[in-house]
Amino acid sequence: MCGIVGYIGPKDTLPILIEGLKRLEYRGYDSAGIALSSNGKILVRKKAGKVADLVADLKESNELPQAHLGMGHTRWATHGEPNDINAHPHVDCKGEIAVIHNGIIENYLAIKTRLKQRGHIFKSETDTEILAHLIEEIYKTKKDLFGAVRLALREVRGTYGLVVLSSREPDKFIAARMGSPLILGLGEGESFVAADAAAIIAHTRQVVYLNDGEVAEVTAHGFETKTIYDVSIDKAIEEITFDLSQIERGGYEHFMMKEIHEQPETIRNAMRGRLLVEEGNVRLGGLEHVRDKLLDARRFIIIGCGTSWHAGLVGEYMLEHIAKVPTEVEYASEFRYRSPVITNNDVVFLISQSGETADTLAALREAKAKGATVLGIVNVVGSSIPRETQGGVYVHAGPEIGVASTKAFTSQLTTLALITLMIAREKGMKKEEAVVLTRELDAIPGKVSQIFKNVEPIRALAREFRDSKNFLFLGRGANFPVALEGALKLKEISYIHAEGYPAAEMKHGPIALIDEKMPVVFVVPKDSIYEKVISNIQEVRARKGRIIAIANEDDHEINSMADYVIRVPRTYGFFGPILNVIPLQLLAYYMAVERGCNVDQPRNLAKSVTVE
Ligand code: G6P
């Protein structure tokens, strides 16, 4: 979702902003803009489309001076269509104050009406523009940008990651956060601000994470932080541990393909130092202090959105079957508005790749306010969710740039398997029984590598079905969420209508869609419900559907029933989803490439959804 980058220091600012914006492209956006502060003026350029369109425009006009203070923004439209005028930055009436903003100002209409009555002229349809005018209004009497921004924000309801420049105070920028992530970067005689570390990591690793309600005045030599109600805050400087190569494409044509291929390593990283194979046990430092809460819990509730929600569904199968803990899974957006009955005997796990998803964060707060123990299963270190939970586990997949989540999903599944095993052991699972499972888990990364050795049949499938209008994905048990995830991947990046269903549920509706043109992907490993899925395959065959089976290497029966078979190694049933999803990720990828779709930046989607 929207990107922010800002700079103050001795270097030429524009190239730093453009490079930063390019690194934020993966978040998803539809227009881009920059503001430079130079010679007592603020120059703004903005453009619908890609950062490359903005750059082309800047080259054409060829009139921008060197500047030592500036900010850039990529916008993902919420209020007002994506066009040049609605793109950020937005300025006040005199063009002296400029703002860029991620998030939504909920009471913008009331403020806009009031400011219009006081003579302010608005140019865009955005909620953001009111911030420039509101600060302008306050600045008339309070000639101090830091103070004026804090006063303005007291009137605002909603979410923001915000950066403000004033031509009258050219030695600083102001940054503020409420709900939308913002970090400061500190270099030698230069400072940065960004919506995420990817934009500034080429320049500095020393960062400060702003919390909700905090406003920072940032100069080239340091920063001061206060709450919007003027309380001074001492902020810790932290060090970013990942490096640039981890967020670059590393030889692959798309981030998504790079990330798919990283999975043997990322799954291993999720287990590193945690899985005690020969002891048949698991150690998770982030959960040790809540051990009793976990063991005494009345039930677990797993909450997430999108792919993270699918991981939660697999977690439910694992936790109930292996650890015998009653578990529910909820969409974050539904949980928060349905007055859930929560007690302090509930343990709530929030699953999120980004750690910033607005609905998941709101669900966390709701559950916490009602007394539950809230724990995170998150990828991005230092993001909002882990900072507000009482404990949790990082999945350690490294930066995920491709909008369609892949490696984060398998790392989430691996982490859920670890949590399940840890609880099962605490609740009395025998060591001998557990060792069988820890060994299986330990072997998963090697088995993922095996899948990559023969991707040609998947590529061939993509060529064969590239013009299909619909796809059905079916699975049962822990592989039902895999079917959901396969369908989600395909529609996200190939724009083909795809549905995931529990295989047996198909006869209650989707069966009506089946004819000789309909590709139906069955996830059918040789597990305890294999025979049941085979019956469902027969139902599709009887109606001439085209059957694609994701099956185990040693399954020979399947050849006579499926039109196409993609092989995956066998593992313990509840860990199977970690392997079975990989061909589906590859299928979605190859389909998108065949159809000429923009794999890393699919239309309308955002990597990090920081609005409700
Ligand atoms: C967006 C992304 C999805 C992701 C979902 C939840 O919709 O495009 O890939 O699964 O948000 O994001 P989270 O960061 O909370 O896992």
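Refer to the structure printed above.
Note that this is a predicted model, so its numbers are computed, not measured.

Chemist: In this structure, what is going on with the pattern of salt bridges? I would like to understand it.
Modeler: Close approach of charged atoms allows side chains with opposite charge to pair. The tally for this structure, following the rule as stated, stands at 38 salt bridges. Linking R268 and D442 is a salt bridge whose minimum nitrogen-to-oxygen distance equals 2.8 Å. Residue R268 is found in helix α7 (residues 263-271), and its partner D442 is found in helix α15 (residues 431-452); the two are separated by 174 residues along the sequence. The closest approach of N and O atoms between R439 and E278, which form a salt bridge, is 2.7 Å. With R439 in helix α15 and E278 in the loop between β16 (275-276) and β17 (281-282), this residue pair connects regions lying 161 residues apart in the sequence. Residue E278 is classed as partly exposed on the basis of its relative accessible area, which comes to 48%. Each member of the salt-bridge network shares a partner with another, and the members are R177, D212, R365 and E388.

Chemist: I keep staring at the site of the ligand and nothing clicks. Help me out?
Modeler: Residues in contact with the ligand amount to 14 residues; listed here are only the nearest, S308, S352, Q353, S354 and T357. In this structure, Q353 approaches the ligand through a main-chain N or O atom, which is 2.7 Å from an oxygen atom. Taking 390 Å² as the accessible area of the ligand by itself, protein coverage stands at 90%. Ranked by the residues each element gives to the shell around the ligand, the list is headed by helix α10 (residues 306-323), at 3 residues. Each residue belonging to the shell around the ligand can be placed in one class, and the counts come to 4 nonpolar, 8 polar and 2 charged.

Chemist: Explanation requested: the nonpolar core in the structure shown.
Modeler: Note that soluble globular proteins tend to have their nonpolar side chains buried in a common cluster. Of all hydrophobic cores here, the largest spans 92 residues; its most connected members are L294, I423, L441 and F471. Top element by residues in this core is helix α19 (residues 576-594). It accounts for 12 residues. Contacts of L441, omitting those with residues within four sequence positions, involve M271, L275, A417, L418, L421, F575 and I578.

Chemist: Just checking my understanding: could you explain the sheet that holds strand β5 (residues 90-91) for this structure?
Modeler: In any sheet, the strands associate via hydrogen bonds between backbone groups, in a parallel or an antiparallel arrangement. Read from one edge of the open sheet, 7 strands run β5-β6-β7-β8-β12-β13-β14, paired in antiparallel fashion. For this open sheet the edge positions go to β5 and β14 (232-233), each flanked by a neighbour on one side alone. Pairing analysis gives 6 bridges linking strand β6 (residues 97-102) to strand β7 (residues 160-166), with the strands arranged antiparallel. Following the sheet pairing, I100 is matched in β7 by V163. Of the strands in this sheet, β5, β6 and β7 are in contact with helix α4 (residues 129-139), which crosses β6 at around 140°.

Chemist: Please clarify how the environment of A332 should be interpreted in this entry.
Modeler: With respect to the helices and strands, the residue A332 is situated in helix α11 (residues 332-335). What makes A332 buried here is its relative accessible area of 0%. Residues in contact with A332, not counting those within four places in the same chain, are I303, G304, C305, D359, T360 and A363.

Chemist: Can you help me understand unusual backbone geometry in this one?
Modeler: Generally, phi is negative for residues other than glycine and the peptide bonds are trans, each holding for most cases. The amide bond that connects H88 to the next residue, P89, takes the cis arrangement and shows omega of 0°. Mapping P89 onto the fold places it in the loop between β4 (69-75) and β5. Not every positive phi belongs to a glycine, and Y495 is a case in point at roughly 60°. Structurally, Y495 can be placed in the loop between α17 (480-494) and β24 (497-502). What makes Y495 partly exposed here is its relative accessible area of 26%. Positive phi values are uncommon outside glycine, yet K544 reaches one of about 70°. With respect to the helices, strands and loops of the structure, K544 is situated in the loop between α18 (530-541) and β26 (546-552).

Chemist: Got a minute to help me understand the packing of helix α14 (residues 407-426) against α19 in this structure?
Modeler: Relative placement of two packed helices is described by the angle separating their axes and the distance separating the axes. At a closest axis distance of 10 Å, the pairing of α14 and α19 adopts a crossing angle of 170°. Judged by the angle between their axes, α14 and α19 are roughly antiparallel. Residues F409, T410, L413 and T414 of α14 form the contact with α19, whose participating residues are P577, I578, V581 and Q585. Among the residues forming the contact of α14 with α19, the class breakdown is 5 nonpolar, 3 polar and no charged.

Chemist: Is there a simple way to explain the pairing of strand β12 (residues 214-219) in this structure?
Modeler: Residues in a regular strand point their side chains to alternate faces of the sheet. Among the 6 residues that make up β12, 5 are buried, leaving the element largely enclosed by the rest of the structure. Of the pairings in the sheet, the one linking strand β8 (residues 173-178) to β12 comprises 5 bridges and is antiparallel in character. In the strand pairing of β12, A175 is matched with A216. As judged from the 6 bridges shared by β12 and strand β13 (residues 222-227), these two strands associate in the antiparallel manner. Counted as the bridge partner of V215 is K226 from β13.

Reading the values: rules and limits
- Residues numbered from 1 in each chain as written.
- Predicted model: local features only at pLDDT ≥ 70, side-chain atom pairs only at ≥ 80, totals over all residues.
- Heavy atoms only, no water.
- Salt bridge = Lys/Arg side-chain N within 4 Å of Asp/Glu carboxyl O.
- Helix = DSSP H or I, 4+ residues; strand = E, 2+ residues; numbered from the N terminus.
- Buried < 20%, exposed > 50% of the residue type's maximum accessible area, 1.4 Å probe, protein only.
- Near = heavy atom within 4 Å.
- Polar contact = N/O pair within 3.5 Å; in protein donor to acceptor, adjacent residues only side chain to side chain.
- Areas by Shrake-Rupley, 256 points an atom, 1.4 Å probe, with all protein chains shown as cover.
- Nonpolar A, V, L, I, M, F, W, Y, C, P; charged D, E, K, R; others polar.
- Core = buried A, V, L, I, M, F, W, Y, C linked by side-chain atoms within 4.5 Å.
- Contact = heavy atoms within 4.5 Å.
- Pairing = 2+ DSSP bridges.
- Axes fitted to C-alpha atoms, helices over the stretch in contact; angles between N-to-C directions.
- Parallel < 35°, antiparallel > 145°, perpendicular 65-115°, else oblique.

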